[in-house]
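Descriptive analysis of the structure
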Amino acid sequence: YRDYLIRAFNDDIGFNQLVREHLAGDLLPQARIHPQAETCENLIGPMFYHLGEHRHGSSLMFNGIHQEMVNNKIDAFSKAFLATTVACARCHDHKLEAVSQRDYYALAAVFTTPRWTARVVDAPHKHEAAIARLKALRQVMQTQLAALWRDVTWSPDELEAAVGDVSKQKPSIDEVAYPIVRLLQCETDKVVAWHDLRSAWQSTRDKRREANASFTTLADFRDGKIPAGWVIEGAGMEHGYVDDATPLVALEGDAIVARFLPRGYHTHALSSKLPGALRMPPEHIVPGKIVSVRLAGGEFGGYLVMDDHAFQNETIYFATNVEPQWKSFNDAALKNGVQQVTVEFATAPLNPNFPPRTGLAKGLKYQDFGYDKRSWLSITGIVSHDTAGTPQAELSAFAPLYDDVSPNSERAVWDYVAAWLRGPVERWCSGKSSDGDDAILNWLLIQKLLPNQAPLGSPLARSLAEYRQAESTISFPRSAISMDERETTRMSYPLNVRGNVDSIGASVPPDFLKMFAERNGVAASRGSGRLELAESLVDPEHPLTARVYVNRVWQWIFGTGLVATPDDFGRLGDRPSHPELLDWLARQFVREGWSTKQLIRRLVLSETFRQSGMVNDLARERDPANRLLHHYPTRRLEAEAIRDSLLAVAGRLDPQLYGRPIFPPRAVEDSPKRLFSGPLDGHGRRSIYLQMSIMAPPQFLVGFNLPDLKLPSGHRDVTNVPSQALVMLNDPFVTAMARYWAKNLLNEMHTSVDERLHDMFVRAFGREPSERELKRWRGALDEFAGSATSDRRQDEDAWATLAHALFNTKEFIYYR
């Protein structure tokens, strides 16, 4: 989102396009944005904050927490774009504005129709070339392996040696080794033993087929299709479909093939860096009372049960099984007839609750923040049913061993076994693998009955090296909590009588405020109406959007907007100080393509902006609040700017753009909430990179009026209280920056104390000192150094104290 901020100011994208992309697009960010975005104060913050972060516990079941989430979105949306308070209509018709309770729930329907979830925010087709190369190399390697395996055979002695000591082995009837071990354990007639195995196989298969008749197959992936209404996300799923016994190329070690994959979707089929998710429709829409999914996964691939968009729900499971297993999901009872439960199967980057609070992800270390996980997921079957249980394997891998054959000697028995094991290899070499072949091929790999190392310098070795090199060029994905409107049904939202979630009134379909009736197509939309809502907002004739935004930009530049209440243009809001100017600026803004850059240029080149901060008595008497702007207002820096100024002046500021968030320093950590303590100076990163949490925001910033992260804030409070002076005097961060600055000063070539003081003034205040100031600060340095007779220029403690004193001047934290 910082990228979009920069693009908007550089005019690569206009404000109107920002609105379209983020309000109406598939990616409607819910704010893992950062600081100013979460406080609604920078360029794009007002748009995004209505999707602010909410962490909550287990099943919401359409309770008050869910309603609070919706309320927050409506509140911030209406204030950010319309400067109109709509949230109070949650319980009753607005008493002062033309906003009804029905309007509130119509907007709630707009925002709850789409699915709230994680989406990939990388550029589309970012790894298209690498993926195409990996597919081609996999096919080349399959041809090369076929030449290596085509003539491989095994004698009974080799099979016995591969199996090992069979005296104590008790494989199940589902295991490939079962017939081999049982034949080896038989010390009498192996022909009779073979017939017994065949009878047991046939009997078990018939019983399982009968039991499986109660299941309705939603997907066995023979045609590669996802069930209707289900949605996939990420390149791992988009390119993850494979046929029977597709080789999974080993990405490290001497092995060529890690294993063979069964038919279905495997996010790691090409690379475990590729993200993937499969999203089930609401449970009550899927046929049957129970849905079962055949699932495998690793490195924190798993599923999340989401109640009413509760993407932080703690009904979370991480798969650790390489072999697929069935997982069942029972329909939840609908509360008030409206609660929806969905299930998301996702790799770590697309799991909106990853990493969860500590303790919910086994194997995730205390301070492991979930970055760069080679997370993977396999889905190879989906069924629905009305009674408990899951489908059982029908032992199809053993059919070629027992069907239409009847050995009459021990040699024939072993010939049949060898032919049975050779069959999948031959079919695979011919590109004609069938159901169950992957299990036998995997067993042969594990028992080292198939060569799985490339001869040094061979074409196969070169192909393997090239595959691994191509895979290494794929970067780990980036994702954001977003909205997805694919395969969603237009949803009405029940009006809560007097705001009570348990007192359900009529259902309200998606719509916009009635005050804008016939000026938008939200109600007529086939979807949620977000696109139509966005288009109406950026219509040049919309009476509010441009004015609200222009007023915010004016506020950022002059400290106070032309309308002093940027979130409220209504009856309780302030009247414009210059209404004609606001109208003219809004019209010009639209004419110039909604260009923020042009708007800022116009404002900062004006005589109003170029005034001094000096105030005469007459002006103070006639306009004490400076609403007519007879001087440029003196302003205290915002909390983030104060911190960044300390870093910059001390020489510690890291100018690098982008990167991961940094934990702020904390006196007490809270592991379950993942509130850990970071470095005192945040590695020198700007404040925009500090991690924000509504549970424990950075205390240094809070001391200087960081807004409440739970609420939209169009204008920050500005207080002047003793605690702020104490922060600048005693906070370890401030003293550390003073010490850092002093060390840098001692390393710089200054010919005299006055020269160094001169440079400090320029760096701290942006101006040169007067002779009087030089004299006073020179005296302060002498006082800080005490009676020591050493060279003042090399007294680090004295210079650190002096730097600390400069930090504590009003001029340092005020802009004039």
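Residues numbered from 1 in each chain as written. Predicted model: local features only at pLDDT ≥ 70, side-chain atom pairs only at ≥ 80, totals over all residues. Heavy atoms only, no water.

1. Details of the overall build of the protein chain
Assigned secondary structure in the protein chain consists of 27 helices and 19 strands. With the C-alpha coordinates of the protein chain rotated into their principal frame, the extents come out at 120 × 75 × 45 Å. In the protein chain, which comprises 816 residues, the proportion classed as buried is 53%. Element-wise, carbon and sulfur atoms account for 51% of the exposed surface of the protein chain, whose accessible area totals about 36,500 Å². Positive and negative side-chain charges in the protein chain, numbering 94 and 101 respectively, have mean positions lying 2 Å apart. (Helix = DSSP H or I, 4+ residues; strand = E, 2+ residues; numbered from the N terminus. Buried < 20%, exposed > 50% of the residue type's maximum accessible area, 1.4 Å probe, protein only. Areas by Shrake-Rupley, 256 points an atom, 1.4 Å probe, with all protein chains shown as cover. Lys, Arg positive; Asp, Glu negative; His and termini not counted. Charge placed at Lys NZ, Arg CZ, Asp CG, Glu CD.)

2. Considering the pattern of salt bridges
Tallied over the entire structure, the rule returns 44 salt bridges. Note that Arg119 is salt-bridged to Glu233, the shortest N-O span being 2.7 Å. Here the residue Arg119 occupies a position in strand S1 (residues 115-120), and Glu233 occupies one in strand S3 (residues 231-233), the gap between them amounting to 114 residues. What makes Arg119 buried here is its relative accessible area of 8%. A salt bridge links Glu323 to Arg259; the nearest nitrogen and oxygen atoms lie 2.8 Å apart. Highlighted residues: Glu323 in the loop between strand S11 (316-318) and strand S12 (325-330) and Arg259 in strand S6 (residues 257-261), separated in sequence by 64 residues. (Salt bridge = Lys/Arg side-chain N within 4 Å of Asp/Glu carboxyl O.)

3. Overview of the sheet that holds S11
Sheet strands pair via backbone hydrogen bonds, and the direction of the pair is either parallel or antiparallel. The antiparallel open sheet is built from five strands, whose spatial order is S3-S8-S13-S10-S11. The open sheet has two edge strands with one neighbour each: S3 and S11. Across the sheet, the mean angle separating the axes of adjacent strands is 15° when strand polarity is ignored. In this sheet, strand S13 (residues 341-346) lies alongside strand S8 (residues 277-279) in antiparallel orientation, the contact comprising three bridges. Each bridged residue has a counterpart across the sheet, and for Arg279 the counterpart in S13 is Glu344. (Pairing = 2+ DSSP bridges. Axes fitted to C-alpha atoms, helices over the stretch in contact; angles between N-to-C directions.)

4. Structural notes on the nonpolar core
Of all hydrophobic cores here, the largest spans 72 residues; its most connected members are Phe77, Leu82 and Phe512. Setting aside residues no more than four positions away along its own chain, Leu82 makes contact with Phe77, Phe512, Leu513, Phe516, Leu537, His542, Leu544 and Val548. The next biggest cluster of nonpolar side chains, apart from the first, holds 62 residues, and it includes Val152, Leu270, Ala399 and Tyr467. (Core = buried A, V, L, I, M, F, W, Y, C linked by side-chain atoms within 4.5 Å. Contact = heavy atoms within 4.5 Å.)

5. Looking at the confidence of the model for the protein chain
Per-residue confidence for the protein chain averages 89 on the pLDDT scale, and 92% of its residues sit at or above 70. For residues 26-62, every residue scores under 50 in pLDDT, and the model assigns this stretch 171 contacts once sequence neighbours within four places are set aside. (pLDDT = per-residue confidence, 0-100.)

6. Brief notes about helix H15 (residues 530-537)
All of the buried residues along H15 are Arg530, Leu533, Ala534, Ser536 and Leu537. In a view along the axis of H15, the buried residues occupy a sector of 165°, so they form one face of it. (Arc of directions from axis to C-beta.)

7. So, the environment of Thr204
Along the chain, Thr204 falls in helix H9 (residues 190-212). Spatially, the C-alpha atoms of Thr204 and Leu464 are 41 Å apart, while their sequence positions differ by 260 residues. Looking at Thr204, its side chain comes within polar contact range of the main-chain oxygen of Ala200, at 2.8 Å. (Polar contact = N/O pair within 3.5 Å; in protein donor to acceptor, adjacent residues only side chain to side chain.)

8. Concerning the packing of helix H23 (residues 732-747) against helix H24 (residues 753-765)
The geometry of H23 relative to H24 is characterised by a closest axis approach of 12 Å and an angle of 135° between their N-to-C directions. Considered as vectors, H23 and H24 are oriented oblique to each other. Remark: the crossing between H23 and H24 carries right-handed chirality. Within the contact between the two elements, H23 uses Trp741, Leu745 and Leu746 and H24 uses Arg756, Met760, Arg763 and Ala764. (Parallel < 35°, antiparallel > 145°, perpendicular 65-115°, else oblique. Left-handed = near helix turned anticlockwise from the far one by under 90°.)

9. Focus on unusual backbone geometry
Residue Phe354 is joined to Pro355 through a cis peptide bond whose omega torsion reads 0°. As for its position among the elements, Pro355 is in the loop between S13 and strand S14 (376-385). Not every positive phi belongs to a glycine, and Glu518 is a case in point at roughly 65°. Along the chain, Glu518 falls in the loop between strand S17 (504-508) and H15. Overall, Glu518 belongs to the exposed group, its relative accessible area being 83%. Positioned with a positive phi, His683 is a non-glycine residue whose angle comes to about 55°. Locating His683 in the fold gives a position in the loop between helix H20 (639-650) and helix H21 (699-702).

10. Focus: the packing of aromatic side chains
Note on aromatic pairs: each is described by the distance of the centres and the angle between the planes. Throughout the structure, instances matching the rule amount to 40 aromatic pairs. The interplanar angle of 40° and the centroid separation of 5.4 Å between the aromatic rings of Phe300 and Phe354 together place this pair among those described as tilted. Within this pair, whereas Phe300 is found in the loop between strand S9 (290-298) and strand S10 (302-307), its partner Phe354 is found in the loop between S13 and S14, the two being separated by 54 residues in sequence. Taking relative accessible area as the criterion, Phe354 reaches 8% and is therefore assigned buried. Through a chain of ring-to-ring contacts, the aromatic side chains of Phe77, Phe81, Phe111, Phe512 and Phe516 assemble into a single cluster. Above the plane of the ring of Trp799 lies Arg756, whose end atom (NZ or CZ) is 4.9 Å from the centre. (Phe/Tyr/Trp six-rings, centres within 6.5 Å; stacked < 30°, edge-to-face > 60°. Lys NZ or Arg CZ within 6 Å of the ring centre and 35° of its normal.)

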